[in-house]
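Examination of the molecular architecture
Listed below are the residues making up each chain.
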Amino acid sequence: MKDLRYIDNMATLKLHTDLCVGCGLCTTVCPHGVFSLEGPKARIDDLNGCMECGACARNCPVAAISVNPGVGCAAYIISGWIKGKDKASCGGGCC
Amino acid sequence: MKDNLMAFGESAARDLGAPCCCGPASEGDDREMPGYSVCRFVDSFMETPEGAVPVVKTRLERVDHLGTLAARCNVGRSDYRVAPGLYAVGEPTETAPVLVTANYKMSFDAVRRTLSGMNAWLLVVDTKGINVWCAAGKGSFSAEGVAAMVTKTGLTQVVSHRKLILPQLCANGVTAREVKKRCGFRAEFGPLRASDLPGFIQSGLNADAGMRRITFTLKERLELMPVEVSLTGRHLLWLVPALFLLSGVGPGFFSFSQAVLKGVAAWSALFTGILAGAVITPALLPWLPGRAFAVKGALAGLLCGLPFGLFYWNEVGMGSLFALICWLTAVSSYLAMNFTGATPYTSPTGVEHEMKRAIPAQAVAVIVGLIIWLAAPFTG
């Protein structure tokens, strides 16, 4: 995805290296190669590649990753503005 | 038992050794059950300690391709599902790998077609007929659902190992360690694309970096286009009569001939905007300048506005032409912004950031266009 990049400096992703146990699960689940393992710890290689899907934070066994996860979908966000975040949907069976 | 399952007429006709009526009776099938029909993708059934399990075909047939085509065109897409449960591929034994997928038919087809010549179990989770990625993002593909299907199918009786291979793209909804806790099966994330499953299995469940990275190629973008046009275009249909009525407003209150002339121009501006935002923008995505989709869409709108402007140069006045280009650029920008939902790389924070800036700009373009459009007949 080097040819398709989204807006920089947006991602809410944070890695708390002090908590990291270096299991590498974040490097497995991330579809954008945001993480890599450097010695006994993970590190963020490409923060701007993050789409905030939340796969890493969900699967991190020691909660060393925090991110405000969600779906990067305008229709979904508009629906969240109107109906409230809990009831948001893409409407019309978007996906 | 078999006779009981057969339709009465058919069994009676067979006793007489004669076709029931109008030609030969169709060959009875011992899998027939009243009220059920065997799915076309099922090749046979195999016996397991948990009863008969359908063995699926690994070649897609015309009916599958037609179904894919229809779903790609947003026909029946919200109800394109297979029954959740356990399926077999080839002749799996108790040591064969268990692959997990969603019960969206297109996901199911993608998995089975790639497993030709292999032996595996396919555990189809109830994701309400939604694909892996979207279902995980919206909570219907979860550790709870995976564990529930393991329990419901009695998988512990069917296989001797305790390992599931999950699609990588469900990781935003499925917590692997939670699956283990709930049903005792260790969940491992397989490759991102179904087509990499054979390579992943043959290499001893190892995925190289390429198998873990998402792509968004021209082909992948084009496949999404018809759904995009139908979903977003549908919301704009009410503009068709509205534009016609607005076009007729003039010094004599309402002029039908003016409505026809200007209304048709407004319609073609609308369709040019849809073309630019929902077709040109996705196709040219990597090459359009800017990171924000609204910007890419506006540029695509202006790009399409050029030939549009040349075509309508002498048809409507300069002011009206300006108004039309404002509208089509706004429509294109809005639709392009909506395409963020179909891409696999936009972050919600980024989308919200661009929306808060783009929607006011789009609204201004529409209002400025509207004022000029309505004022034009009065200023001559």
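Some words on the overall build of chain B
The secondary structure content of chain B amounts to 16 helices and 9 strands. Expected size for 380 residues packed as a compact globule is a radius of gyration near 21 Å; at 28 Å, chain B overshoots this value by more than 25%. The C-alpha extent of chain B, read off along each of the three principal axes, is 85 × 60 × 30 Å. Buried positions account for 48% of the 380 residues belonging to chain B. When the accessible area of chain B is evaluated, it comes to approximately 18200 Å², of which 63% is carbon and sulfur surface. Side chains of chain B carry 34 positive and 28 negative charges; the gap between the two charge centres is 10 Å.

Brief notes about the interface of chain B and chain A
On the side of chain A, 42 residues touch chain B, which itself brings 48 residues to the contact. Buried surface at the junction of chain B and chain A, summed over both partners, amounts to about 3900 Å²; 62% is from carbon and sulfur atoms. The largest share of the area that chain B buries against chain A comes from Lys138, Arg291 and Tyr345 of chain B, three residues that together contribute 18% of it. Along the contact surface separating chain B from chain A lie 1 salt bridge. Note that Asp8 of chain A is salt-bridged to Arg291 of chain B, the shortest N-O span being 3.0 Å. Summed over the shared surface of chain B and chain A, the result is 21 residue pairs in polar contact (both at pLDDT 80 or more).

Some remarks on helix H11 (residues 218-235) of chain B
Residues and elements named next belong to chain B. The end-to-end C-alpha distance of H11, which contains 18 residues, comes to 26 Å, matching closely the 26 Å that a straight helix rising 1.5 Å per residue would cover. The axis of H11 is deflected most strongly, by about 35°, at Met225, and proline Pro226 appears within four residues downstream. Buried within H11 are the following residues: Arg221, Met225, Val227, Glu228, Leu231, Thr232 and Gly233. Lining the buried residues of H11 we find helix H3 (62-72), helix H13 (256-283) and helix H15 (318-338).

Brief notes about the domain arrangement of chain B
Residue and element names in this part refer to chain B. Each domain of chain B was delimited in the assignment, giving domain 1 (1-36), domain 2 (38-212) and domain 3 (218-379). Computed over C-alpha atoms only, the centres of domain 2 and domain 3 are separated by 41 Å. Counting residues at the interface gives 5 residues for domain 2, matched by 6 residues for domain 3. In this assembly, domain 2 packs against domain 3 so that about 540 Å² is buried in total across both faces, 51% of it on carbon and sulfur atoms. Looking only at domain 2, the three residues that lose the most surface to domain 3 are Arg72, Asn74 and Arg77, adding up to 77% of its buried area. The interface formed by domain 2 and domain 3 contains 1 salt bridge. Across the pair Glu223 and Arg72 runs a salt bridge whose closest N-O atoms are separated by 3.4 Å. In this structure, the connection of domain 2 to domain 3 is made through 3 residue pairs in polar contact (both at pLDDT 80 or more).

A word on the nonpolar core
Trp121, Phe141, Leu155 and Leu164 of chain B are the most contacted members of the largest nonpolar core, which has 56 residues in total. Sorting elements by how many residues they give to this core places helix H6 (residues 143-153) of chain B first, with 5 residues.

Side note on the environment of Ala194 of chain B
Inspection of the secondary structure assignment puts Ala194 of chain B in the loop between strand S7 (186-189) and helix H9 (197-202). Those residues in contact with Ala194 of chain B, other than ones at most four positions away along the chain, are Ala110, Val111 and Thr114 of chain B.

Some details on the pattern of salt bridges
Residues and elements named next belong to chain B. This structure, assessed with the given rule, holds 17 salt bridges over all chains. For the salt bridge of Lys105 with Asp64, the shortest nitrogen-to-oxygen distance reads 2.8 Å. In this pair, Lys105 sits in helix H4 (residues 105-114) while Asp64 sits in helix H3, placing the two residues 41 residues apart along the sequence. We note that Lys105, like Asp64, is buried. Residue Arg193 is joined to Asp196 by a salt bridge in which the shortest nitrogen-to-oxygen separation is 3.6 Å.

Digging into the packing of helix H14 (residues 293-311) of chain B against H15 of chain B
Residue and element names in this part refer to chain B. Relative to each other, H14 and H15 sit at 145°, their axes nearing to 7 Å. Crossing handedness for the pair H14 and H15: right-handed. Counted together, Phe293, Ala294, Gly297, Ala298, Ala300, Gly301, Leu302, Gly305, Phe308 and Gly309 of H14 and Leu321, Leu324, Ile325, Leu328, Thr329, Ser332, Ser333, Ala336 and Met337 of H15 form the full contact between these two elements.

Comments concerning the sheet that holds strand S1 (residues 42-48) of chain B
Residues and elements named next belong to chain B. Strand order across the open sheet formed by 7 strands is S1-S2-S3-S5-S4-S6-S7, with mixed pairing between neighbours. For this open sheet the edge positions go to S1 and S7, each flanked by a neighbour on one side alone. Direction aside, the axes of adjacent strands within the sheet are offset by 35° on average. Both strand S2 (residues 51-56) and strand S3 (residues 85-89) contribute to a ladder of 2 bridges, which runs parallel. Its bridge partner lying in S3, Val55 is registered against Ala88.

Notes on the pairing of strand S6 (residues 163-166) of chain B
All names here are of chain B. Inspection of the sheet shows strand S4 (residues 98-102) paired to S6 by 2 bridges, in the parallel sense. For Val98, the partnering residue across the bridge sits in S6 and is Leu164. Here 4 bridges tie S6 to S7, and the two strands are oriented parallel to one another. Across the sheet, the residue bridging to Leu166 is Phe189, located in S7. Taken together, S6, helix H8 (residues 176-183) and S7 constitute a β-α-β crossover, and its handedness is right-handed.

Some words on the packing of aromatic side chains
How two aromatic rings sit relative to each other is given by the distance of their centres and the angle of their planes. Residues and elements named next belong to chain B. Applying the stated criterion to the full structure yields 13 aromatic pairs over all chains. For the pair Phe41 and Phe108, a centre-to-centre distance of 4.8 Å together with 65° between the ring planes defines the contact as edge-to-face. Placement of Phe41 in the loop between helix H2 (8-16) and S1 and of Phe108 in helix H4 is noted, with a sequence separation of 67 residues between them. Under the relative-accessibility criterion, Phe108 is labelled buried at 0%.

Side note on the environment of Ala96 of chain B
Within the secondary structure, Ala96 of chain B is located in the loop between S3 and S4. Among the residues examined, Ala96 of chain B registers a relative accessible area of 6% and is labelled buried.

Things to note about the pairing of strand S2 (residues 35-38) of chain A
Residue and element names in this part refer to chain A. Looking at chain direction, S2 and strand S3 (residues 41-44) are connected through 4 bridges and run antiparallel. From the neighbouring strand, Leu37 faces S3, where its bridge partner is Ala42. Where S2 folds back onto S3 in an antiparallel hairpin, the turn is made up of 2 residues, including Gly39, whose phi is positive at roughly 65°.

Cut-offs used in this document
- Per chain, the residues get numbers from 1 upward, laid out in the order the sequence is written.
- Chain letters start at A and ligand numbers start at 1, both assigned in the order the entries are written.
- Per-residue local features are limited, in this predicted model, to residues with pLDDT of at least 70; the limit for side-chain atom pairs, both in listing and counting, is 80 or more; totals at the level of whole chains, interfaces and linings are taken over all residues.
- By convention in this description, side-chain values take in all heavy atoms of the structure and omit both hydrogens and water.
- Helix and strand definitions follow DSSP, with helices as H or I runs of at least four residues and strands as E runs of at least two, each counted in order from the N terminus.
- In this description the radius of gyration comes from C-alpha coordinates, and the expected globular size is given by 2.2 Å times residues to the power 0.38.
- For every residue, the accessible area obtained with a 1.4 Å probe (protein chains only) is divided by the maximum for its type, and the residue is called buried under 20%, exposed over 50%, and partly exposed between those limits.
- Where accessible areas are quoted, they stem from the Shrake-Rupley method and a 1.4 Å probe; at the residue level, only the protein chains shown are allowed to cover.
- In this tally, Asp and Glu contribute negative charge and Lys and Arg positive charge; neither His nor the terminal groups of the chain are included.
- A charge is said to be at NZ when it belongs to Lys, at CZ for Arg, at CG for Asp and at CD for Glu.
- Throughout, a contact is declared for two residues whenever any of their heavy atoms are within 4.5 Å.
- The term buried area means the drop in 1.4 Å probe accessible area that two parts suffer when joined, counted for both and summed.
- Salt bridge, as used here: a side-chain nitrogen of Lys or Arg that lies within 4 Å of a carboxyl oxygen of Asp or Glu.
- Any pair of N or O atoms that falls within 3.5 Å is considered a polar contact. Within protein, one atom must be able to donate a hydrogen and the other to accept it, and sequence-neighbouring residues count only if both atoms are side-chain atoms.
- Any helix carries an expected span of 1.5 Å times its number of residues minus one.
- To obtain the bend at a residue, axes are fitted to the seven residues ending there and to the seven starting there, and the angle between these axes is taken.
- All the domain ranges listed were derived from an automatic or database domain assignment.
- For our purposes a nonpolar core is just a set of buried Ala, Val, Leu, Ile, Met, Phe, Trp, Tyr and Cys residues, chained together by side-chain atoms within 4.5 Å.
- The axes used here are C-alpha line fits, helices contributing only the stretch in contact, and every angle between their N-to-C directions lies in the interval 0 to 180 degrees.
- By definition, turning the near helix anticlockwise from the far helix through less than a right angle yields a left-handed crossing, and turning it clockwise yields a right-handed one.
- Two strands form a pair only when DSSP identifies at least two bridges running between them.
- Here the term right-handed applies to a crossover when the path leading from its first strand over the helix to its second strand runs clockwise, the strands being oriented away from the viewer.
- Here a Phe, Tyr or Trp ring, Trp counted by its six-membered ring, pairs with any other such ring whose centre lies within 6.5 Å, and the pair is stacked when the planes are under 30 degrees apart, edge-to-face when over 60, and tilted otherwise.

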